[in-house]
Amino acid sequence: MYKTEIRQQEIDVFKVPKKILYNGDTIPSIGLGTFGSDRFSGEEIASAVKGAFESGYRHFDCASVYGNQHLIGKFLKEILRENKVKREELWITSKIWNDCHAEEKVLSSLEQTLRELQLDYLDLYLIHWPFANHHPPKADPNWRDSLAKPYIHEEYMKTWRQMEELVKNRLVRHIGTSNMTIQKLDLLLRDAKIKPSCNQMELHPHFQQPELFEYCLNNQIVPIGYAPIGSPTRPDRDKTPEDTSDLEDSVIIEIAKGHKIHPAVVCVKWAVQRGQIPIPFSVYRGEYLSNLRSVVEDPLTSDEMKRIKHIDKNCRLIKGQVFLWPEAQDWTCLWDMGGEINSPNI
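Keep in mind that this is a model prediction, so the values were computed, not measured.

A. Highlighting the sheet that holds strand β3 (residues 32–33). Strand order across the open sheet formed by eight strands is β3-β4-β5-β6-β7-β8-β9-β10, with parallel pairing between neighbours. At either end of the open sheet lies a strand with only one pairing partner, and these are β3 and β10 (277–278). Summarising the sheet, strand β8 (residues 198–202) and strand β9 (residues 222–226) pair through five bridges and their orientation is parallel. Residue pairing for β9: methionine 201 is matched across the bridge by glycine 225.

B. Region of the structure containing the nonpolar core. Ranked by size, the top nonpolar core spans 103 residues in total, and within it Phe60, Leu76 and Leu122 carry the most contacts. Aside from chain neighbours lying at most four places away, what touches leucine 76 is Leu90, Ile92, Leu117 and Leu119.

C. View of the environment of aspartate 330. Along the chain, the position of aspartate 330 falls in the segment after α10 (302–309). We classify aspartate 330 as partly exposed; its relative accessible area is 32%. It is 9.6 Å that separates the C-alpha atoms of aspartate 330 and lysine 319, two residues lying eleven residues apart in sequence. At 2.4 Å, the side chain of aspartate 330 forms a polar contact with the side chain of threonine 332.

D. The pattern of salt bridges, seen in detail. Scanning all chains against the criterion turns up 15 salt bridges. Aspartate 123 is the partner of arginine 87 in a salt bridge, and the nearest nitrogen-oxygen pair spans 3.0 Å. Of this pair, arginine 87 sits in the loop between α2 (69–81) and β5 (91–96) while aspartate 123 sits in strand β6 (residues 122–127), and the two are 36 residues apart along the sequence. One exposure class covers both arginine 87 and aspartate 123, and it is buried. Measuring nitrogen to oxygen at the nearest pair gives 3.4 Å for the salt bridge that ties glutamate 165 to lysine 168.

E. Representation of helix α3 (residues 103–117) within the structure. When the terminal C-alpha atoms of α3 are compared, their 22 Å separation across 15 residues agrees well with the 21 Å that a helix rising 1.5 Å per residue should span. Val106, Ser109, Leu110, Thr113, Leu114 and Leu117 are the residues of α3 that are buried. The buried residues of α3 occupy an angular sector of 135° when projected down its axis, which confines them to one face. Relative to its buried face, α3 has exposed residues pointing more than 90 degrees away, namely Glu104 and Arg115. A positive phi of about 55° marks glutamine 118, the residue just after α3.

F. Structural context of the packing of aromatic side chains. This structure, assessed with the given rule, holds ten aromatic pairs. Ring geometry for phenylalanine 131 versus tryptophan 325: centroids 5.9 Å apart, planes at 40°, classification tilted. Placement of phenylalanine 131 in the loop between β6 and α4 (153–168) and of tryptophan 325 in the segment after α10 is noted, with a sequence separation of 194 residues between them. No difference in accessibility class separates phenylalanine 131 from tryptophan 325, as the two residues are buried. One aromatic cluster in this structure is built from Trp97, Trp129, Phe323 and Trp335. In this arrangement the basic side chain of arginine 87 is found over the ring face of tyrosine 121, its NZ or CZ atom lying 4.1 Å from the centre. For the cation-ring pair, lysine 195 lies above tyrosine 22, with the distance from its terminal atom to the ring centre recorded as 5.1 Å.

G. Inspection of the packing of α2 against α3 at higher detail. Packing of α2 against α3 brings their axes to within 6 Å, and their N-to-C directions diverge by 50°. With respect to α3, the axis of α2 lies oblique. On the side of α2, the interface is formed by Gln69, His70, Ile72, Gly73 and Leu76, while α3 contributes Thr113, Glu116 and Leu117. Here the contact of α2 with α3 is composed, by residue class, of three nonpolar, four polar and one charged.

H. Spotlight on the side chain of asparagine 291. Locating asparagine 291 in the fold gives a position in helix α9 (residues 285–293). Overall, asparagine 291 belongs to the buried group, its relative accessible area being 6%. The residues touching asparagine 291, leaving out its near neighbours within four places in the chain, are Ile30, Tyr57, Val265, Val268 and Pro280.

Each value, and the rule that gives it
Residues numbered from 1 in each chain as written. Predicted model: local features only at pLDDT ≥ 70, side-chain atom pairs only at ≥ 80, totals over all residues. Heavy atoms only, no water. Pairing = 2+ DSSP bridges. Helix = DSSP H or I, 4+ residues; strand = E, 2+ residues; numbered from the N terminus. Core = buried A, V, L, I, M, F, W, Y, C linked by side-chain atoms within 4.5 Å. Buried < 20%, exposed > 50% of the residue type's maximum accessible area, 1.4 Å probe, protein only. Contact = heavy atoms within 4.5 Å. Polar contact = N/O pair within 3.5 Å; in protein donor to acceptor, adjacent residues only side chain to side chain. Salt bridge = Lys/Arg side-chain N within 4 Å of Asp/Glu carboxyl O. Expected span 1.5 Å × (residues − 1). Arc of directions from axis to C-beta. Phe/Tyr/Trp six-rings, centres within 6.5 Å; stacked < 30°, edge-to-face > 60°. Lys NZ or Arg CZ within 6 Å of the ring centre and 35° of its normal. Axes fitted to C-alpha atoms, helices over the stretch in contact; angles between N-to-C directions. Parallel < 35°, antiparallel > 145°, perpendicular 65-115°, else oblique. Nonpolar A, V, L, I, M, F, W, Y, C, P; charged D, E, K, R; others polar.

Coordinates in, geometry out; function isn't part of it.
Right under this line is the structure:
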């Protein structure tokens, strides 16, 4: 067993590094995720946001589909009203859900999010998935939307045009993508008037996505990595027998022992030093504080970074099978794994 040292002091927020976006704005290099994986209550997650803020976090990753923004918003209103922080010192991300991709729904979806979070604007607004395909809360992995369709670029661009209007109207500072592929991003960058500032994607040592990661960097798109420690508490619908565990990898464990930290913290350190922004989720103070502390002290060595680079297993955990359309063969169709977009009309 590895021994870890848990220190409970808050982190100096000014020591937390930031990434620079293509227009010169900056974003904290680590955030707190707020998806409870159907396992934690909204109240627990809102309490974690409060504790994380008090510990030094300033970046919070939200989404309308998580169903807890109204509870997080109560806390945000409180700290802003009491002048515990200036609004411009926070970075708040949210995401538009799949059932609101229609042109006439984008603005109303954002307005609902702003009401729930009790904010005047968002720092980043993402299109959660590139498909308008929906699933109910806690869906079974075999559930399918009978109206589901493959990616249709013309439809995606209609949504993106409305996202651009949100920037022009100063309701959001930046817009971005999530769960995209290089093929889809190629089309978006070709046609967008306002380019995406960030792309949120699954990133952890066993799923490093080197081609998409480098593509984002080369196009001045900051990669934001969800499931940065391998999402051990992800919903059961996203678990399959072939999945591997980052936290049980012998390389990760050995490095953790050397630093006297938990293997999860090694994954977070690796993510920040590699150049992506991890958004680990936890409701436990010791865990989210350790994650934040990891970015300000005791970095991994270049040799340790190289060792982690070589344990990539190309193991996607969030496969998205609940978004498949009737003609799709399996979840790989969502990710353009053949090098072309699986769509009758792009």
